[in-house]
Amino acid sequence: MFLQTNAFRRWVLLAVWLSCAEASASVVISSTRVVYPADQAEITVKLSHEGRNPSLVQAWIDDGRSQADVAALQVPFNLAPSLFRLDPGKGQSLRLFHTGEAMPRDRESLFWLNVLDVPPKGAGNVLQVALRTRIKLFYRPIALSGKAAQAHEALRWHAWRDGSGWKLQADNPGPYFVNLARLDVLHKGQRLEAEPGHIAPFASASFSVSGLDSGDDIELRYAFIDDYGAVHERPDAVTVARAD
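Conventions used here
For every chain, the first residue of the written sequence is number 1, and numbering continues from 1 onward in sequence order. Totals for whole chains, interfaces and linings use all residues, but because this is a predicted model, local features are given only for residues with pLDDT of at least 70 and pairs of side-chain atoms are given and counted only at 80 or more. Values reported for side chains reflect all heavy atoms of the structure, with hydrogen atoms and water molecules removed beforehand. Here a helix means four or more residues in a row that DSSP labels H or I, a strand means two or more in a row labelled E, and each is numbered from the N terminus. Each residue gets one of three labels from its accessible area relative to the maximum for its type: buried under 20%, exposed over 50%, partly exposed in between, using a 1.4 Å probe on protein chains only. In what follows, a contact means two residues having at least one pair of non-hydrogen atoms within 4.5 Å. Accessible areas in this description were obtained via Shrake-Rupley with a 1.4 Å probe; residue shielding takes into account the shown protein chains only. Here a Phe, Tyr or Trp ring, Trp counted by its six-membered ring, pairs with any other such ring whose centre lies within 6.5 Å, and the pair is stacked when the planes are under 30 degrees apart, edge-to-face when over 60, and tilted otherwise. Polar contacts, as counted here, are pairs of nitrogen or oxygen atoms within 3.5 Å of one another; within protein the pair requires one atom able to donate a hydrogen and one able to accept it, and residues that are adjacent in sequence qualify only if both atoms are side-chain atoms. Buriedness for pockets is judged along seven lines, at least five of which must meet protein on both sides within 12 Å for an open set on the 1 Å grid over protein atoms alone, while cavities are sets there where a 1.4 Å probe fits but cannot get out, and lining residues have an atom within 4 Å of a point. Grid points are joined across faces, edges and corners, and a volume is the space filled by probe spheres set on the points. Each residue is assigned to one class: nonpolar for Ala, Val, Leu, Ile, Met, Phe, Trp, Tyr, Cys and Pro, charged for Asp, Glu, Lys and Arg, and polar for all the others, Gly among them. Per-residue confidence from the predictor is given as pLDDT, running between 0 and 100. Only strands that DSSP links by at least two bridges are regarded as paired with each other. What counts as an axis is a line fitted to C-alpha atoms, over the stretch in contact for a helix, and the angles between N-to-C directions run from 0 to 180 degrees.

1. Focus on the overall build of the protein chain
So, point 1. Helix and strand counts for the protein chain stand at one helix and 18 strands.
So, point 2. Counting across all 244 residues of the protein chain, residues that qualify as buried make up 41%.
So, point 3. Taking contacts inside the protein chain between residues at least 6 apart in sequence as the whole, the part at least 24 apart equals 66%.
So, point 4. Counting only carbon and sulfur atoms, one obtains 50% of the accessible surface of the protein chain, whose full area is about 13,300 Å².

Here it is in structure tokens:
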């Protein structure tokens, strides 16, 4: 029996929207991302309970459809245990197995690990908040060219007109995902902020920049995230080409 039915998912979303800013999950994942090397039979992901009350925990993997029913998801991984109780101060290891399904060998593939923390039912009119943590899971084939930590250096940036405004585009010619933690645009003596994101292998990603009114004289400064979740600043600015 899955907790993630349509009705339960709507309740979870409503609870999260109504929760206060101080609300945080008691069940914590030990990392902010997971890399699954293709030559490994299995990997483990550690959870810990830092709250004061026991939790019912459900874990699953999705393919990017964050709101899909768990039963409808078909991903090339198995996970155990998928439903369990976790007491305060205790830990639990999730075991992830690749099913052997054929995967692209020339690039990383992206999935998402979900951990839903359901607190015990309280007494009286108390809002019970079930919180979900969702982190990236990268499937990494063996013998990819280059190094993941240097993949950001190969990005090709250019600015292009989108209607009356301008956007930035990053082209990733390499086999690794590039994950940005921060993206600042230097233009006409101003520092403009763009919403960071990731750029998939052999693909492009666009970034909207509020206040960018020209495709000329643009430089970027950004920070990227490594396999361990650490944030690294690129030491030098990147000049952006204009796409006419």
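2. Describing the packing of aromatic side chains
So, point 1. Under the counting rule described, the total for this entry stands at seven aromatic pairs.
So, point 2. Taken together, a centroid distance of 5.2 Å and an interplanar angle of 80 degrees make the contact between phenylalanine 77 and phenylalanine 111 edge-to-face. Of this pair, phenylalanine 77 sits in strand β5 (residues 77-80) while phenylalanine 111 sits in strand β8 (residues 109-118), placing them 34 residues apart in sequence.
So, point 3. Counting every residue linked through ring pairs, the aromatic cluster contains Tyr36, Phe77, Phe111 and Tyr139.

3. As for the side chain of aspartate 62
So, point 1. On the secondary structure map, aspartate 62 appears in strand β4 (residues 55-62).
So, point 2. Among the polar contacts made by the side chain of aspartate 62, one reaches the side chain of asparagine 114 at a distance of 2.8 Å.
So, point 3. Residues contacting aspartate 62, with those up to four places away along its chain left out, are Leu73, Val75, Phe111, Trp112, Asn114 and Arg134.

4. Focus on unusual backbone geometry
So, point 1. Cis geometry is adopted by the peptide bond preceding proline 81, which originates at alanine 80 and carries an omega value of -5 degrees.
So, point 2. With respect to the element layout, proline 81 can be found in the loop between β5 and β6 (83-86).
So, point 3. The backbone phi angle of alanine 143 is positive, close to 65 degrees, even though this residue is not glycine.
So, point 4. Assessed through its relative accessible area of 81%, alanine 143 is described here as exposed.
So, point 5. Notably, phenylalanine 202 is not glycine yet its phi reads approximately 50 degrees, a positive angle.

5. Regarding the side chain of asparagine 114
So, point 1. Of note, asparagine 114 is situated in strand β8.
So, point 2. Classification of asparagine 114 as buried rests on a relative accessible area of 0%.
So, point 3. With residues up to four places along the chain from it excluded, the contact list for asparagine 114 reads Gln58, Ala59, Trp60, Ile61, Asp62, Arg132, Thr133 and Arg134.

6. A few points about the environment of histidine 187
So, point 1. Checked against the element boundaries, histidine 187 lands in strand β12 (residues 178-187).
So, point 2. Judged by its relative accessible area of 2%, histidine 187 falls in the buried class.
So, point 3. Along the sequence, histidine 187 and glycine 215 sit 28 residues apart, while their C-alpha atoms lie 9.3 Å from each other.
So, point 4. Once you skip the residues sitting within four places of it in the chain, histidine 187 turns out to touch Leu192, Leu212, Asp213, Ser214, Asp216, Asp217 and Ile218.
So, point 5. A polar contact is formed between the side chain of histidine 187 and the backbone oxygen of aspartate 216, at a distance of 3.2 Å.

7. What to know about the layout of surface pockets
The probe, sized like a water molecule, is rolled over the atoms to show the empty space still left.
So, point 1. A volume near 240 Å³ is recorded for the second largest pocket.
So, point 2. Trp60, Ile61, Val70, Val75 and Phe77 are, among the 13 residues lining the second largest pocket, the residues nearest its centre.
So, point 3. Among the secondary structure elements, those contributing two or more residues to the lining of the second largest pocket are β4 and β5.
So, point 4. Taken together, the residues of the lining of the second largest pocket sort by class into ten nonpolar, three polar and no charged.

8. Here we look at the confidence of the model for the protein chain
A low pLDDT means the predicted coordinates there should not be read in detail.
So, point 1. Predicted confidence across the protein chain gives a mean pLDDT of 89, with 87% of residues reaching 70 or more.
So, point 2. Counting contacts from residues 10-22, a segment whose pLDDT is below 50, to residues more than four positions away or on other chains yields 14 contacts.

9. Points about the sheet that holds β8
So, point 1. Read from one edge to the other, the open sheet built from five strands follows the order β2-β9-β8-β4-β6, with strand pairing classed as mixed. Because the sheet does not close on itself, it has two edges, and the strands there are β2 (33-37) and β6. On average, each strand axis in the sheet is tilted by 25 degrees relative to the strand beside it, whichever way the strands run.
So, point 2. Judged from the nine bridges that link them, β8 and strand β9 (residues 131-140) form a sheet pairing that is antiparallel. Note that in β9 the partner of leucine 113 across the bridge is isoleucine 135.

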